[in-house]
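# Descriptive structure summary
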Amino acid sequence: LGLPRIGHVTNSERYVTLLENFFRKKDTELELLDRTRINSTVTYLYKWYVEDKAYFGDKGDFLIIHCGICDCAPRPIPPAVRNYISRLKGRLQKILIKLIKNNRALLQKNNFVWRVTEPNLFEETYQTWFKDAVSQFKNIFIINIAPTNEITEKHSPGLTKSINQYNEMIAALKSQPQAESKVHFIDIHNIIKNSNESIDDYVLKEDGHHITPKTHAIIYNSIIEKLQN
């Protein structure tokens, strides 16, 4: 979600770049590890975090964790089936792809639902990462999952319910004793839901989960405000 989107979000508009520019203007010595990638799950990002520690050291000033939508989004078929279909050739492959695409909502309504990261693994990995990070970083910013729009919910029934479930697991970290002073939660989900404006102003209408420049700006300003406080 921290990446630019051609035609929607420029590199200069994303909150990672805005933060980088903020610190560089203050003549601050800055070493930035930007690990934003497509289709990044919490397990994937945590492995990268552990790998970075081995090469860059344990300690740091700031850590931003922003993930969850790729973990929680309900899908109609598991990876094994998807990989099998991708190996098929010709007309049969096209028929199967069209069949799944046209019946995705029906499949998910009838409990043909699979997630990249099931809830128990998501919670376990997030908590493991959190417990390690609070002992290593001076400030940790945790951004939860933004809401989706009606069009995407109709296309992928159960996405809203899944977002809420995974956000509850993220919010549960607030009760950890270590979270009192150095951990800052940015509840972008409620910021958007409580706004008088359309969700499409904050989340791209085309896919229902990538964030707009407006949301990047909110996240950036929220981080700066929490630092100044």
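Keep in mind that this is a model prediction, so the values were computed, not measured. (Residues numbered from 1 in each chain as written. Predicted model: local features only at pLDDT ≥ 70, side-chain atom pairs only at ≥ 80, totals over all residues. Heavy atoms only, no water.)

Okay, the environment of Thr212 next. Along the chain, Thr212 falls in the loop between helix H11 (188-193) and helix H12 (213-228). Between the C-alpha atom of Thr212 and that of Arg5, which follows or precedes it by 207 residues, the distance is 8.8 Å. The residues contacting Thr212, other than those within four sequence positions of it, are Val9, Asp200, Asp201, Tyr202, Val203 and Leu204. (Helix = DSSP H or I, 4+ residues; strand = E, 2+ residues; numbered from the N terminus. Contact = heavy atoms within 4.5 Å.)

So, about the state of the cysteines. A full pass over the atoms with the stated rule returns zero disulfides. Not engaged in a disulfide, the cysteine Cys67 finds its nearest cysteine sulfur in Cys70; these two sulfurs lie 8.8 Å apart. Of the cysteine sulfurs around Cys70, a residue in no disulfide, the closest is that of Cys72, at 8.7 Å. (Disulfide = S-S within 2.5 Å.)

Pairing is parallel across the open sheet formed by three strands, whose spatial order is E1-E2-E3. What marks the edges here is a single partner per strand, and that holds for strand E1 (60-66) and strand E3 (183-186). Across the sheet, the axes of successive neighbouring strands diverge by a mean angle of 15°, strand direction being ignored. Sheet topology note: the E1/strand E2 (residues 137-143) ladder contains six bridges and is parallel. The partner of Leu63 across the bridge, within E2, is Ile140. (Pairing = 2+ DSSP bridges. Axes fitted to C-alpha atoms, helices over the stretch in contact; angles between N-to-C directions.)

The tally for this structure, following the rule as stated, stands at 10 aromatic pairs. Three or more aromatic residues link up through ring pairs in this structure, and these residues are Phe22, Phe23, Phe62 and Phe141. (Phe/Tyr/Trp six-rings, centres within 6.5 Å; stacked < 30°, edge-to-face > 60°.)

Relative to the 21 Å expected for 15 residues at 1.5 Å per residue, helix H2 (residues 42-56) spans 20 Å between its end C-alpha atoms, a close match to the ideal helical length. If you check which residues of H2 are buried, you get Val42, Leu45, Tyr46, Trp48, Tyr49, Asp52 and Lys53. Down the axis of H2, the buried side of the element spans an arc of 160°, and every buried residue falls inside it. Structural note: H2 exposes Lys47, Ala54 and Tyr55 on the side pointing more than 90 degrees away from its buried face. As for H2, its buried residues are in contact with E1, helix H3 (69-72), helix H7 (119-133) and E2. (Expected span 1.5 Å × (residues − 1). Buried < 20%, exposed > 50% of the residue type's maximum accessible area, 1.4 Å probe, protein only. Arc of directions from axis to C-beta.)

Its 15 residues give H7 an end-to-end C-alpha distance of 21 Å, which sits within 8% of 21 Å, the value for a rise of 1.5 Å per residue. Buried residues of H7: Pro119, Phe122, Thr125, Tyr126, Trp129, Phe130 and Ala133, and no others. Angular distribution of buried residues about the axis of H7 spans 140°; they occupy a single face of the element. Along H7, the residues that are exposed and aim more than 90 degrees away from the buried face are Asn120 and Glu124.

Okay, the side chain of Thr148 next. Locating Thr148 in the fold gives a position in the loop between E2 and helix H8 (150-155). Its relative accessible area of 7% is what places Thr148 among the buried residues. Polar side-chain contacts of Thr148 include one of 2.8 Å to the backbone oxygen of Gly208. Not counting residues within four places of it along the chain, the set of residues in contact with Thr148 comprises Glu153, Leu159, Thr160, Ile163, Ile199 and Gly208. (Polar contact = N/O pair within 3.5 Å; in protein donor to acceptor, adjacent residues only side chain to side chain.)

Further remarks concern the side chain of His189. As for its position among the elements, His189 is in helix H11. Residues contacting His189, with those up to four places away along its chain left out, are Asn144, Ile145, Ala146, Pro147, Ile163, Asn164 and Asn167.

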